[in-house]
Structures are given as structure tokens and as C-alpha cells.
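# Examining the three-dimensional arrangement
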Amino acid sequence: MAEKATKTENPFLKEIERLRKRMERGSTVLTEPLDTETGQTPKVTVYEEDKIKVYHYTPVREKLYSPPVVGVYALINKQYMMDLQPDRSIVKHLIEQGVDVYLIDWGYPSRGDRYLTMEDYIDGYLNNVVDFVREKNGVDSVTLLGVCQGGTFSMIYSALYPEKVKNLITMVSPMDFHNESGLLHIWAHNLDIDKLVDTYGNIPGDFMNAGFLLLNPFRLMFDKYLNFLENLDDKDFIANFIRMEKWIFDSPDQAGEAFRKFIKDMYHDNKLVKNEFELGGRKVFLKDITAPLLNVYARYDHLVPPPCSKNIAEAVGSKDATTHAFKTGHIGMFVSSRSKKEICPVISDWIKEHSTLDGKPAEKKGEK
Amino acid sequence: MSNEAKQEEGKKNASFLDFWNKNISAWQKTMSEFFEQGTKDNFFAAYRDICSDTFGKAFETGTGSPVFDTYRRMMDAANLYSNMLKSFAVFDVDGGAKATENISAFLDNWVNVQKNLFSQLFGGSLPAGFMQGGNLGSVLGSAFESYKNSLKDMASYYPQDLKPLIENYMNVLEKTGEAFQGIVDPSKFGEFHDSWQKAYDDLFGKFLQAPTVGPSRQFVEKLKKDADSFFKYINSSAEFYSTLYKPGIEAIEETAEQATELFKDLTPDSFRKFYDNLLKSLEMKFFELFKSKGFGEAMKENLNASLEFRTRHTEMIETMLKETPLVTHTEMDEVHEEVYKLKKRIKELEKTIKELKADKSK
């Protein structure tokens, strides 16, 4: 009896017992039905061209803000990061606020797409999508919401087609590519992009992923899975972990020619911020962006470090330009608790303030 | 790790070198016999046998084969997590006092397990002498000596023009052998691979890069370029991965030093703190490495070597595929490019038609 009492008081034994129970409950979590679906917010495919699709999210309010928002995600990884889990979804938040949301899915380029250029993506697909949404909704211009590389594309588009962009939102979007604070930027300088594209055609998604994992190998390839084990008995945690895992490794190949130009002109020569970037024979001047701008960046972003994105408001020609920095990382922008509590409301409030409802300008927050 | 276990591990790591040592000796013997006898038939028969023996063994899958060793290392990498847990095996958790007494044993064991793991993960291309503080010269000694002697003997049979080449190679070999004597500093990995590359470029590389003649010239040249790019890629990869060894070892040693203080008041939470310290240390050391100019250059070199190999290999395979009814990537890319241009043209025309129609309806 005395021996038993000693054993239960031993903190190591208690820890082992706790671990055993967790593993036992964890085995139940993993073997029972688990909802790991991503992108659950109801939507309809309204436009298709080659491999790209445009989703229109089913409104949940009768009256919608105008103009509609067109989400432009990066070519790297998939757009459902914006709707990864039901309780952490920017898309869901926006439609609940009465914002009309369209989102581009760039698809999965195959070898036949290796010749697609940045011109094809921006002057072609993106312009066609914007025209489609304008026509469908009977509006002259839309609100562009660009994310990461999609934000860079949106800046270029807004400079070239200012008449079609009512408002511009850039989230964790790189503009100034020359800085030494991010490993990706340092490594990209050493990348022989011509050799890479000429050899592979399209850049394999696995190649991109290997580079991302190498940014923080112990955290991303070891600690993350230890954390998984430590939370094995938490059903919600495991479901969301699986969702994130699915997203991380759902990496489309990159169309070779578009990738070549993006790396050369942005990472190597930093042409966009120097106003030297050209698309389809036209120079892109950031000062030509005159639409109201909301720039949102993450203070702890290791993929697009703050120096790359924090000065967008100063670089563009918009008179109405706002910048918000949040204490989170690149992915935390979309799935952290801060995202739901702070980031989503900032974006939806800004959209509402720069839109109309029932043909009338929306009230600004704090106005009577 | 006990002395017996260390010896056993050393033997396993040396098996790859033994394997090549034996093959070099056998090859040397065959060549000597040929030059002594001068019988062509015997040479080709012997040469066929030695090739069959060498490559047959290289690709067999039994214990002790080079392939098996590579597979074993891969499995060792997968055992990362379980190895960490094994480190905790020295604790008798049933008695807290005993556990405290075992702190020192735990740390020694942990450092050994982790160092060994890092050696296997990132220094797989290097002989055991580098990893365990031993003398590489003793591991490689016999192989080097016999190889040098054979080269000296054979040099007299080579044409006069080739003699400077052989001498140059022997000088490099001599320097490499000297560099190995007593080296325990992992930063010397780079020197080892540089020497290897130089030696390769000075001898075997020259043969592989030399022009070829005859009806099958085109294919043989592609074959040689493929082999040449493969050797360069292998050395480049080994050099690149060995850069990861030093910061790994430093982080382990640093964490072990901090742990002595941390484990004075032993609680289950001590292990969490210990792990957090290790992770922080690893992150810091590797971040410093990753942002260094040298790492960026090594990465570039390795990537370019892999791309070069892929290009050469594809060229050779596509040449072989010409004789089959299979279509190649290059051929398909021609079609893809045409389709891409046609689609683009059609889209432009459709847009023009739409605009014209709109103008007409105004």
C-alpha cells in the first residue's frame, strides 16, 4: 500500500500515466470519423478558362456590398488557405459581413502549361476574370484582394488597369524583394533560374516544398509532429492539423516561363519597386495605382519578411492608403486566433467603408 | 557506447571502403597480369569477370552490400524520434533519486546518440574516421597505399604523354592522404571533397570528357557526359550535406552543457525545457549557417550539379528512346509549344471578334 502511494506521487510516473492515457484517447481520435475537409464554405464555380476556375461564394445576406471582391491567391499552394477550416475562414467571415466574394483557383499546371507567362496570368486570366465579374455584376470596377504573390500580381494589374480596380487589398504581399532578412530572398539570389526552368520545364511543387521546409527544418519536420503527438487526444486540434498538412503539401507545379520571369525580375533584379518591371511590352509604375489601398502584413513573416511588404502604401499613387501590421506569421494571417479576432474584422470593415450598400456609401466605422 | 559497440559500428562504416579496397586490388591484379602476359583474350575475359564481380556486388541487396548500407542509413534517419527516446532509457523513473544520479550518464548517452545520428544523416559519404574522432588514415591507409603503389607500377606502362597526368593525380592523392591523417575537425569535410573533385577532374574526369570517335560516337559521348555529371553531382551532394554536420554537433554540445544545470532539480518539465533548449540551439545554429554566403554557394553548386546530371541523363535516355515507339519530353514540348501559341492566337481572335461585334451593335 505504502509502495503504491509513493509511485503515484512520483512526478515521472504521473507524466508517463498522462502520456499513456493521451495515446489511448488519441488512438480513438485517429480511428473514429474525423472531419478534415477544407474549403467548406458553400460556393459555385462560375467561370472556367483552361485550368483556372473562379468560385463565387454563396451569399448569406440579402443585401451585399458593392463592388464584389475578387480574391487573387498566389500560384504557390492553393487558395483554400482562405477557407481552411470552418471556424477560421476569411472567406466565411467576409460573406457573413455581406461582402460578395469571388476567388480564383489557378489549378494545377501540367507540362503543357510550361510556356505560360506572367503576361498570360495577369493580362490574360486575371483580366478575363475581372471582366467576367464586372459584367456579371454590372459594375465598372472590382475590389481586388491579393494574397502573397497574388498581391504582387494584383499590384501589377492595378497599375496597368486602374479603371477596373475600385479598391486594392494586399495581404502579406512582396513588393520590395531585395532584403537580407529572409532566407528565401538570400537563396533566390543564388538560383540559376534559367538552368532550373530549362531542365524541369515546370518547377515541381515538391522542389518548392523542399525549399520551404529547409527554412526551418527542425520546427517543420520534427517539432511540428511532436506537437501532433502531444495533442493526439484533441479531436479539433488533430482535424485542423490534418487540414493544414493537406494544404502545405498541396503544391501545384509552377509554370516554367512565368516562374522564370518572377524570379528574374523580382528576386534577382527587384524591378517592381524600381519601376522597371515590364509586362507585355508595358512598363509598370506603382504610382499608377490610384485605387484606395489596404496593405496588411505580418510582423513575424519568414516567407515575406516585413521589409518586403510594409512600404507598399508609400510606393503607390493612392491618396487613401492604409497599412496594418499584425503580430503573427505568414500563415497565422489566415488561421490564427488573431486572424479571426483582429485581422478579418480590419479587412471587412475596410471593404465596407470603401463600398456601397443599396447604392449608398457605407457608413464608416464609428460614424453615426 | 561500449568499446565493443564502437568497434562494431566502425566495422560497419568501413565495409564500403573495404569493398572498394578489395575491388581496386582485384582490378590492379588483373591489369598487372594482362601487362605481364599481354594476351588480349585473357584481358577481356578477366575484365568481364572483374566488372561483373564489382557491379554485381555493388547492386546486391544483402547485408554488407553498399546498397544495403545506404538503405540502413535511410532507416537510421527515420529512427530520429525513437533514438531520442532511447536516450531516456538510462533513467529508472521508478526512483527519483536514482534518476538524479544518472544525469551524467544520460547526458553522455544522449550526446553520443545524437552525434552518431548526425554523423549518419549528414556525413554519410565520409568514412568512420571522421565521425568518431578516429584516424581516417588508418581506415583508408591500406586502400591508399595499394592504390598508390599500383599507379606507380602502372605508370611505367602508360604512354609518355600521359605520365604528367598520372604524376599530378598521385600528388593530389598524396596530399589527400596527408590531410586525412588524424583529422577530426568536421570543417575539414570541404577539403576532403575538394581534393576528391580535383583528383577526379585530373584523371577520370579527363577520360570521360575526352572526345570520342567511331560510328557510336554520339551515343558514347552522351553516356560519358552522363557518367561525368553523375560523379560530380554525387560529390557535390556529399559536400553540401556535410555542411549540416558541424552546426548540428555544436547545438548538441551546447545543449548538453546547459543541461547539467537544468537537471539539478529534476522534474518531468526539465525534459521539456531540455528539448526547447535543443530546438532553439539547432534553429539558431542552422539559421546562421543557412544565411551564410558559403551555404548559399554550396546550395547553388549542388542544385546546378543535380540539374546538369538530370539534363545529361535525359539526353541519353531520349537517345535510347529513339529506337522505341515511345514519345519523348522534347518531342512533346514541341507539340505543347505549338498548342500554346495556337490557343493564344485563338483567344486574341475571339477577343477581337467580340470587340468588333460590340462596336457594330453600337
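Each remark here, short or long, concerns the structure printed above.
Residues numbered from 1 in each chain as written. Chains lettered and ligands numbered in written order. Predicted model: local features only at pLDDT ≥ 70, side-chain atom pairs only at ≥ 80, totals over all residues. Heavy atoms only, no water.

## Things to note about the environment of Glu48(A)
Residue and element names in this part refer to chain A. What counts is decided by this rule: Strands here mean DSSP runs of E at least two residues long; helices mean DSSP runs of H or I at least four residues long; both are numbered from the N terminus. Categorising residues by exposure relies on relative accessible area from a 1.4 Å probe, with only protein chains included: less than 20% of the type maximum marks a residue as buried, more than 50% marks it as exposed, and the intermediate range marks it as partly exposed.
With respect to the helices and strands, the residue Glu 48 is situated in strand 1 (residues 43-49). Its relative accessible area of 56% is what places Glu 48 among the exposed residues. Between the C-alpha atom of Glu 48 and that of Ile 104, which follows or precedes it by 56 residues, the distance is 9.7 Å.

## Some thoughts on the interface of chain B and chain A
To be explicit about the condition: Any two residues whose heavy atoms approach within 4.5 Å at even a single point are treated as in contact. Salt bridges, as used here, are contacts in which a Lys or Arg side-chain nitrogen is within 4 Å of a carboxyl oxygen on Asp or Glu. N or O atoms closer than or at 3.5 Å make up a polar contact, with two conditions inside protein: a donor-capable atom paired with an acceptor-capable one, and, for residues adjacent in sequence, both atoms drawn from side chains. Here the nonpolar group is Ala, Val, Leu, Ile, Met, Phe, Trp, Tyr, Cys and Pro; Asp, Glu, Lys and Arg are the charged ones; every other residue, Gly included, is treated as polar.
Facing 42 residues of chain B, the contacting portion of chain A comprises 43 residues. Viewed at the interface, chain A and chain B are joined by ten salt bridges. The closest approach of N and O atoms between Lys195(A) and Glu308(B), which form a salt bridge, is 2.9 Å. At the boundary of chain B and chain A, one finds 16 residue pairs in polar contact (both at pLDDT 80 or more). Within the residue set of the side of chain B that touches chain A, elements represented by two or more residues are helix 4 (80-87), helix 14 (268-290), helix 15 (293-321) and helix 16 (329-361) of chain B. Here the side of chain B that touches chain A takes eleven residues from helix 15 of chain B, the largest share from any one element. For the side of chain B that touches chain A, a count of residues per class yields 19 nonpolar, eight polar and 15 charged.

## Focus on the pairing of strand 9 (residues 293-298) of chain A
Residues and elements named next belong to chain A. Going by this rule: We treat two strands as partners when DSSP finds at least two bridges between them.
Burial runs high along strand 9: six of the six residues are buried. Alternating positions in strand 9 separate into two faces, Leu 293, Asn 295 and Tyr 297 on one and Leu 294, Val 296 and Ala 298 on the other, with burial throughout. Pairing analysis gives six bridges linking strand 9 to strand 10 (residues 321-326), with the strands arranged parallel. Residue Tyr 297 lies in a different strand from strand 10, and its bridge partner there is Ala 325.

## A closer look at the pattern of salt bridges
All names here are of chain B. A full pass over the atoms with the stated rule returns 38 salt bridges over all chains. Between Asp 228 and Lys 232 there is a salt bridge, and its shortest N-O distance comes to 3.2 Å. Here Lys 232 and Asp 228 lie together in helix 12 (residues 217-242), a separation of four residues that amounts to about one turn.

## A short note on the side chain of Ser339(A)
Residue and element names in this part refer to chain A. Residue placement: Ser 339 occurs in helix 15 (residues 337-353). From its side chain, Ser 339 meets the backbone oxygen of Met 333 in a polar contact 2.9 Å long. Beyond its immediate stretch of four places on either side in the chain, Ser 339 contacts Ile 90, Gly 332, Met 333, Phe 334, Cys 344 and Pro 345.

## Let's talk about the packing of helix 7 (residues 193-200) of chain A against helix 11 (residues 256-268) of chain A
Residue and element names in this part refer to chain A. Selection rule: Only C-alpha atoms enter the line fits that serve as axes; for helices the fit covers just the stretch in contact. Angles between N-to-C directions range over 0 to 180 degrees. With respect to orientation, any angle under 35 degrees is reported as roughly parallel, any angle over 145 as roughly antiparallel, any angle of 65 to 115 as roughly perpendicular, and every other angle as oblique.
Here helix 7 crosses helix 11 at 170 degrees, and the two axes come no closer than 10 Å. As the angle between them shows, helix 7 and helix 11 are arranged roughly antiparallel. Across the interface between the two elements, Ile 193, Asp 194, Leu 196, Val 197 and Asp 198 of helix 7 pack against Gly 256, Glu 257, Phe 259, Arg 260, Ile 263, Lys 264 and His 268 of helix 11. Broken down by class, the residue content of the contact of helix 7 with helix 11 amounts to five nonpolar, two polar and five charged.

## Some points on the pairing of strand 3 (residues 65-72) of chain A
Residue and element names in this part refer to chain A. Heads up, the rule is: We call a crossover right-handed when, viewed with the strands running away from us, the connection from the first strand over the helix to the second turns clockwise.
For strand 3, the tally of buried residues reaches seven of eight residues, placing the bulk of the element in the interior. Note that strand 3 and strand 4 (residues 99-105) share four bridges and pair parallel. Across the sheet, residue Tyr 65 finds its bridge partner in strand 4, namely Val 99. A crossover links strand 3 with its parallel partner strand 4, the connecting element being helix 3 (residues 90-96), and its sense is right-handed. Pairing geometry for strand 3 and strand 11 (residues 356-357), over two bridges, is antiparallel.

## Description of the packing of aromatic side chains
Describing an aromatic ring pair means giving the distance of the ring centres and the angle of the ring planes. Under the convention used in this document: What counts as a ring pair is set by centres within 6.5 Å for rings of Phe, Tyr and Trp (its six-membered ring), and what kind of pair is set by the plane angle: stacked under 30 degrees, edge-to-face over 60, tilted for all other angles.
Per the counting criterion, the structure on display carries 25 aromatic pairs over all chains. Each ring, one from Phe177(A) and one from Tyr267(A), has its centre 4.9 Å from the other, and the planes form 70 degrees; the classification is edge-to-face. Here the residue Phe177(A) occupies a position in the loop between strand 6 (165-171) and helix 6 (183-189), and Tyr267(A) occupies one in helix 11, the gap between them amounting to 90 residues. Here Phe177(A) falls in the buried class, since its relative accessible area comes to 0%. Relative accessible area serves as the criterion here: at 12%, Tyr267(A) is assigned to the buried category. Taking 5.9 Å as the distance between ring centres and 15 degrees as the angle between the ring planes, the aromatic pair formed by Tyr233(B) and Phe309(B) counts as stacked. Linking Tyr233(B) in helix 12 with Phe309(B) in helix 15, this pair joins segments that are 76 residues apart in sequence. Tyr233(B) gets classed as partly exposed once you look at its relative accessible area, which sits at 25%.

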